[in-house]
Structures are given as structure tokens and as C-alpha cells.
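# Examining the three-dimensional arrangement
Listed below, chain by chain, are the residues.
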Amino acid sequence: MSALLEITNAKIIYDSAVEAVRDVSLSVDEGRVVALLGSNGAGKSTLLKAITGGLEFEEGVLEKGSVRYGGQDLAGRPTEWIVRNGLALVPEGRRLFINLTVEENLVMGAHLKSAPEMRRMKEEVFDLFPRLYERRSQISGYLSGGEQQMVAVGRALMSQPRLLALDEPSLGLAPLVIDAIYDTIGRMRDELKMTILLVEQNAVQAMGLADYVYIMENGRIVLDGPAQTMRNNADVQEYYLGMA
Ligand code: ATP
């Protein structure tokens, strides 16, 4: 199996000083769900931004190493290229257009698509999230947190991504809503055969769904392995899954 995303020995620094990511290697194979776990400030979002926003973002810069996507180096690629080549990010905090309706938000995700494609994708998203169909004419800012997260995921799906990166999809949501979101991510993997990079602090949910897991602390990958192996690891059980 070939890796769709391949990060090799990446070092990312902010303001030439803070080393947010140190010597990280990670790969995501086509058709797999890979979870990147770690606590606050571990460097997960920085790594994601480097992938989905090009390698120079805000004050951050990839100082060493490489990020390859579909066999091509991402260095120097504008965001436009990244989007056109099927990399979609659902950012932490969702960033919806809160004054637009659910349907208008979804359409924004498919602005590069033809009208028939757009209709087909909308049907697919409404099939995955029946709740969004019911709420399609409502202003997004008035939706619950869980519904807003669904809109954010749906909007990313509208671009028919080859790789979908989700930054903490369960953040701030109630347990039942998290279950619903995770059920849908499971369907995206099983029915749409999507490749997903799932960044989470919520290890229990993410590990239940992922094929492969990386754990990041202080900018480094401290442990990685197939999800099954990781779930049986005593340290993982104690420190990340809260099982004493
Ligand atoms: P969270 O779950 O809180 O998003 P994270 O694992 O995603 O945490 P990052 O947000 O990547 O972690 O942060 C990694 C480190 O980089 C932290 O020490 C953080 O303070 C620092 N950092 C993040 N963004 C910037 C920035 N724009 N400028 C300087 N330092 C930053």
C-alpha cells in the first residue's frame, strides 16, 4: 500500500525559537484512518497546519524534513494547489460562516465543483447527516455545537477530498453527540473509503475508530502502532485511555 501522506523528520519552529514539532515522521496510507493523539500543546495542530496550509503559515515554518502528499513535495505549494489536490481540513473550532445557512455553508465547500457534482455531493452529505437536511435553511450560528461540527465536516466532504484532516472533532461536545459524529466518520471510512487523519485529545473515541495511532508529546512522536496493538499497551491504557 502506498502512503498518500508522508511526513519525514519534520521540525517546525515558530518565530525562530519555539520548536513546536521536533523530528516527526508520520504516514497515512490510502483508505486508512490514522489518529494523532496528544494533550494540549503537544504540537498536533501545528503539524496539521503545516500539511493543510502549506509549509509556511502564521509564524511557523518547516525548518527541516519534508512533507509529501500523493508523491509530491508540499513545500512552496499555495493553498489553492493543496485544495485542488484534494486535501481538506476541518479546523479546530469549526470556523463556519455563521451568518449563512447550513446549505450555503455546504456549497462554499464545493466552489470548485460543477453544478451536477455539487448536487450529488450535497445528497451524499445529507445522507450521512440527515440532521443537516432538516436544518438546511437555518442560519448556522443558531445551531447546536454538534450540528455546527456536522456542518464543518459536511462542508469539507463537499470538496470530495482525497485526504480529510479533522482537528479535534469532539472538542466541547456532549458524549452522545460525539458518538454520533464518530459513527458518521466510521461510515465515511467504510462506505466512502475515505482516507482520514484524525487529530484528537479524546483517545478513547479516536482509538476505537483508527487503523493506526500516533501519540505526540512535547513536539515528538512518543509511541505509535496499529490501533489494536496500542489498545492493548499497558501505558496507553493507563495514561491515555484512563484505565487503571
Ligand atoms: P491543542 O490541542 O491545544 O491545539 P496542539 O497539540 O495542537 O494543542 P499546538 O497548537 O500545535 O499543539 O502547539 C504546539 C506548541 O507550539 C505550543 O507550545 C504552542 O504554544 C506553540 N505555538 C502554537 N502556535 C504558535 C504561534 N502562532 N506562535 C508561537 N508559538 C505557537
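Conventions used here
- Residues numbered from 1 in each chain as written.
- Predicted model: local features only at pLDDT ≥ 70, side-chain atom pairs only at ≥ 80, totals over all residues.
- Heavy atoms only, no water.
- pLDDT = per-residue confidence, 0-100.
- Near = heavy atom within 4 Å.
- Polar contact = N/O pair within 3.5 Å; in protein donor to acceptor, adjacent residues only side chain to side chain.
- Areas by Shrake-Rupley, 256 points an atom, 1.4 Å probe, with all protein chains shown as cover.
- Helix = DSSP H or I, 4+ residues; strand = E, 2+ residues; numbered from the N terminus.
- Core = buried A, V, L, I, M, F, W, Y, C linked by side-chain atoms within 4.5 Å.
- Buried < 20%, exposed > 50% of the residue type's maximum accessible area, 1.4 Å probe, protein only.
- Contact = heavy atoms within 4.5 Å.
- 1 Å grid on protein atoms, 1.4 Å probe; cavity = no way out; pocket = protein on both sides within 12 Å on 5 of 7 lines; lining within 4 Å.
- Points joined across faces, edges and corners; volume = space filled by probe spheres on them.
- Nonpolar A, V, L, I, M, F, W, Y, C, P; charged D, E, K, R; others polar.

## Focus on the confidence of the model for the chain
Per-residue confidence for the chain averages 89 on the pLDDT scale, and 96% of its residues sit at or above 70. Confidence metrics for the complex model read pTM 0.91 and ipTM 0.93.

## Describing the site of the ligand
Lining the immediate surroundings of the ligand are 15 residues, of which Asn40, Gly41, Gly43, Ser45 and Thr46 lie closest. Tyr14 has a polar side-chain atom sitting 3.3 Å from a nitrogen atom of the ligand. Between the ligand and Gly43, the relevant distance is 2.8 Å, taken from an oxygen atom to a main-chain nitrogen or oxygen of the residue. Relative to its free-state accessible area of 630 Å², the ligand is covered by the protein chains to the extent of 69%. With three residues, helix α1 (residues 44–52) is the single largest residue contributor to the shell around the ligand.

## Some details on the nonpolar core
Residues Leu164, Ile196, Leu198 and Val213 are the most contacted members of the largest nonpolar core, which totals 46 residues. With seven residues, the top contributor of residues to this core is helix α6 (residues 145–158). In contact with Val213, other than residues within four places in its own chain, are Ala35, Leu37, Met207, Leu223, Asp224, Gly225, Ala227 and Met230. Listed in part, the 29 residues of the second largest apolar core include Leu4, Leu36, Val67 and Leu87.

## Quick look at the layout of surface pockets
If a probe the size of a water molecule is rolled over the atoms, the empty space left behind becomes visible. By volume, the largest pocket is sized at about 870 Å³. If you list the elements that add at least two residues to the lining of the largest pocket, you get α1, α2 (79–84), β7 (87–90) and α6. No other element matches α2, which puts five residues into the lining of the largest pocket. Residues that form the lining of the largest pocket fall into these classes: 15 nonpolar, nine polar and nine charged.

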